[in-house]
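Residue-level listing of the chains:
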Amino acid sequence: MDIAVLTFDGFNELDSFIAAGILNRMKEFGWNVQITSPTESVTSMNGVTIQSQQPLEFANTADAVLFGSGMLTRDIAQDSKLLSRLNLNPQTQLIGGQCSGTLLMSVLGLLNQVPACTDLTTKLWVIESGVTVLDQPFYAEGNIATAGGCLSSKYLAAWVISKLADELHAEAAIHYVAPVGEKEDSVSHCMSVVSDYL
């Protein structure tokens, strides 16, 4: 499985790194999780510069694509030249977005009347783009999912693993990253949020 974690300049480290870290629990099963960016390197909202693992076009053939968020997402949403490099298909790909990543999904026409989750800052912009915003951490319909809040990346990761593998593998991945002493509760809560949409 090829998984693209879309990561742009100004990115939120929690979105990209938590999702990539959890999804990489599936590496032993042949999953190829890649930080995917429009340039060779990108710098986070807190000044952390990383090398991209794949160019943006990697997303076009990936089995799953996750849009991370960041402080420059509104500018990116208006960059038609950059966004034209993406040619995604919700019929054949799982596509998810977190926080302001939801705005990019909306601009690309991927939500198509599907209500969505996002962070409180981005909420008005997503509404302006014509999408109904839900007051909850996660929502999915078919192959489209969105999450709101930095730490909601675990829900997107669990959803992707559940859809492309199974719930047992998702539970194992969440169990691994959950705090000691809270592992069972963390797995139970995470899967209770995601399971209604599988």
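As a convention, each chain's residues are numbered from 1 in the sequence order in which they are written. In view of the model being predicted, local features appear only for residues whose pLDDT reaches at least 70, and side-chain atom pairs are presented and counted only at 80 or more, with totals across whole chains, interfaces and linings using the full set of residues. Side-chain descriptors were evaluated using all non-hydrogen atoms of the structure, hydrogens and water having been removed beforehand.

Engineer: Is there a simple way to explain the nonpolar core in this structure?
Structural biologist: Soluble globular proteins tend to bury their nonpolar side chains together. Take the buried residues of types Ala, Val, Leu, Ile, Met, Phe, Trp, Tyr and Cys, join any two whose side-chain atoms come within 4.5 Å, and each joined set is a nonpolar core. Remark: exposure states derive from per-residue accessible area (1.4 Å probe, protein chains only) relative to the maximum for the residue type, with buried under 20%, exposed over 50%, and partly exposed in between. Judged by nonpolar contacts, the single largest core of 35 residues is most densely connected at Leu23, Phe138, Trp159, Val160 and Ile161. We call two residues in contact whenever any of their non-hydrogen atoms come within 4.5 Å of each other. Beyond its immediate stretch of four places on either side in the chain, tryptophan 159 contacts Leu94, Ile95, Phe138, Ala140, Gly142, Asn143, Ile144, Ala145, Val194, Tyr197 and Leu198. Counting 29 residues, the second-largest nonpolar core is a separate cluster that includes Phe67, Ala77, Ile95 and Leu110.

Engineer: Sorry, what's going on with the environment of alanine 140 here?
Structural biologist: Note that alanine 140 resides in strand β8 (residues 138-141). On the basis of relative accessible area, alanine 140 is assigned to the buried category, the value being 6%. Taking C-alpha positions, alanine 140 is 17 Å from leucine 151, a pair spaced 11 residues apart along the chain. With sequence-adjacent residues up to four places away left out, alanine 140 is seen in contact with Ala145, Trp159 and Tyr197. Strands are runs of DSSP state E lasting at least two residues, helices are runs of H or I lasting at least four, and both sets are numbered from the N terminus onward.

Engineer: Before we go on, may I ask you to explain the side chain of threonine 73 in this structure?
Structural biologist: Here threonine 73 is to be found in helix α2 (residues 73-77). Here the side chain of threonine 73 touches serine 100 through a polar contact of 2.7 Å, side chain to side chain. Among residues more than four places away in sequence, those in contact with threonine 73 are Ser100 and Leu104. Polar contact criterion, stated in full: a pair of N or O atoms within 3.5 Å, where within protein one must be able to donate a hydrogen and the other to accept it, and residues adjacent in sequence count only if both atoms are side-chain atoms.

Engineer: Sorry if this is basic, but what is going on with empty space enclosed by the protein here?
Structural biologist: Empty pockets left among the atoms are what a rolling probe the size of a water molecule brings to light. With a 1 Å grid laid over protein atoms only, a set of points is called a cavity when a 1.4 Å probe fits there but cannot get out and a pocket when it is open yet has protein on both sides within 12 Å along at least five of seven lines; lining residues have an atom within 4 Å of a point. Grid points are joined across faces, edges and corners, and a volume is the space filled by probe spheres set on the points. The full count for this structure, using the stated rule, is two cavities of 30 Å³ or more. In this structure, the largest cavity occupies an estimated 50 Å³ of space. Lining the largest cavity are Leu6, Thr7, Phe8, Asp9, Gly68, Ser69, Gly70, Met71, Leu72, Thr73, Ile76 and Leu104. Think of it as three bins: nonpolar holds Ala, Val, Leu, Ile, Met, Phe, Trp, Tyr, Cys and Pro, charged holds Asp, Glu, Lys and Arg, and polar takes everything else, Gly as well. The class makeup of the residues in the lining of the largest cavity is six nonpolar, five polar and one charged. Computed from the structure, the second largest cavity encloses a volume of approximately 40 Å³. Together, Val5, Asp15, Ala19, Leu66, Phe67, Gly68, Gln98 and Leu156 line the second largest cavity. Counting only elements with at least two residues in the lining of the second largest cavity, the list comes to α1 (13-23) and β6 (64-67). Tallied by class, residues from the lining of the second largest cavity come to five nonpolar, two polar and one charged.

That is the geometry; function is a separate question.
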